[in-house]
Amino acid sequence: MNTTTLTQPASNAAMALLSISGVRLMLPQREIRALESLADVAMQDAELPAVGGIQHAQQRWPVYCLSPELTLQAAVPAERRACVLLETGTGYMGILCDDVSIARRVPDRQHELPSAMRVPDTPVLGLAVLDEQEIVCVTSAERLVAHLTRQVGM
């Protein structure tokens, strides 16, 4: 792994960890507009490729389910229990997650993706080692929204 530092995160910036089928995505907590329970997601009458919709700011917004490869999937695994709401610039979109938590310690460094992992339009900006034992994918709400928008064809 290339050890080039991409960014030096602010030591006081809280980072959210989204777990999706074993994949851990880390992004600034401030970029998550809302965190809801799966029970709050209306699964009936979903407009594909969304798996449901969620009420926020007096409107219903689409909710998507991602595979471990971060591609859209229609089936919602039983492990999905939470929905994070991200701002799109013109509204919101939800992503179902197995779990959402806050990193206790922000990693000191983020590393570039190895060349084998570099694919066009990936939402992953880099990798970081969390608590000296777990590798997480560094992303941002903007990158996740752009990734989903491309897949949905919006």
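See the structure shown above.
Residues numbered from 1 in each chain as written. Predicted model: local features only at pLDDT ≥ 70, side-chain atom pairs only at ≥ 80, totals over all residues. Heavy atoms only, no water.

Draft legend 1. Quick look at the sheet that holds strand β5 (residues 59–64). In spatial order, the strands read β3-β6-β7-β5-β4; together these 5 strands make up an open sheet with mixed pairing. The sheet is open, and its two edges are formed by β3 (32–37) and β4 (52–56), each paired on a single side. Between one strand and the next, the sheet's axes are offset by a mean angle of 35°, whatever the strand orientation. (Pairing = 2+ DSSP bridges. Helix = DSSP H or I, 4+ residues; strand = E, 2+ residues; numbered from the N terminus. Axes fitted to C-alpha atoms, helices over the stretch in contact; angles between N-to-C directions.)

Draft legend 2. Broad picture of the pattern of salt bridges. Under the criterion given, the structure shown has 5 salt bridges. Note that R33 is salt-bridged to E87, the shortest N-O span being 2.9 Å. You can see R33 sitting in strand β3 and its partner E87 sitting in strand β6 (residues 82–87), a full 54 residues away along the chain. We note a salt bridge from D121 to R150, for which the minimum N-O separation is 3.8 Å. (Salt bridge = Lys/Arg side-chain N within 4 Å of Asp/Glu carboxyl O.)

Draft legend 3. Quick look at the packing of aromatic side chains. Taken as a whole, this structure holds 1 aromatic pair when the rule is applied. On the basis of an interplanar angle of 75° and a centroid distance of 5.4 Å, the ring pair of W61 and Y92 is categorised as edge-to-face. With W61 in strand β5 and Y92 in strand β7 (residues 92–97), this pair connects stretches of sequence that are 31 residues apart. Residue W61 is classed as buried on the basis of its relative accessible area of 14%. (Phe/Tyr/Trp six-rings, centres within 6.5 Å; stacked < 30°, edge-to-face > 60°. Buried < 20%, exposed > 50% of the residue type's maximum accessible area, 1.4 Å probe, protein only.)

Draft legend 4. Representation of the layout of surface pockets in the model. Its boundaries defined by the atoms lining it, the largest pocket holds a volume of some 240 Å³. Residue lining of the largest pocket: 14 residues in total, with L70, M117, V119, T122 and V124 positioned closest to the centre. For the lining of the largest pocket, the per-class residue count stands at 10 nonpolar, 3 polar and 1 charged. (1 Å grid on protein atoms, 1.4 Å probe; cavity = no way out; pocket = protein on both sides within 12 Å on 5 of 7 lines; lining within 4 Å. Points joined across faces, edges and corners; volume = space filled by probe spheres on them. Nonpolar A, V, L, I, M, F, W, Y, C, P; charged D, E, K, R; others polar.)

Draft legend 5. How the structure looks around the environment of H147. Position of H147 among the secondary structure elements: in helix α1 (residues 141–152). H147 sits 76 residues away from T71 along the chain, and the two C-alpha atoms are 8.9 Å apart. Sequence-distant contacts of H147, that is, excluding residues within four places in its chain, are made with L70, D121 and P123. (Contact = heavy atoms within 4.5 Å.)

Draft legend 6. Quick look at unusual backbone geometry. Looking along the chain, the bond that leaves L48 and enters P49 is cis, with omega of 15°. A positive phi is found at A57, a non-glycine position, where the angle reads about 50°. With respect to the element layout, A57 can be found in the loop between β4 and β5. Using a relative accessible area of 48% as the deciding quantity, one classes A57 as partly exposed. The backbone of D121 sits at a positive phi, close to 65°, despite the residue not being glycine. Inspection of the secondary structure assignment puts D121 in the loop between β9 (110–111) and β10 (126–130).

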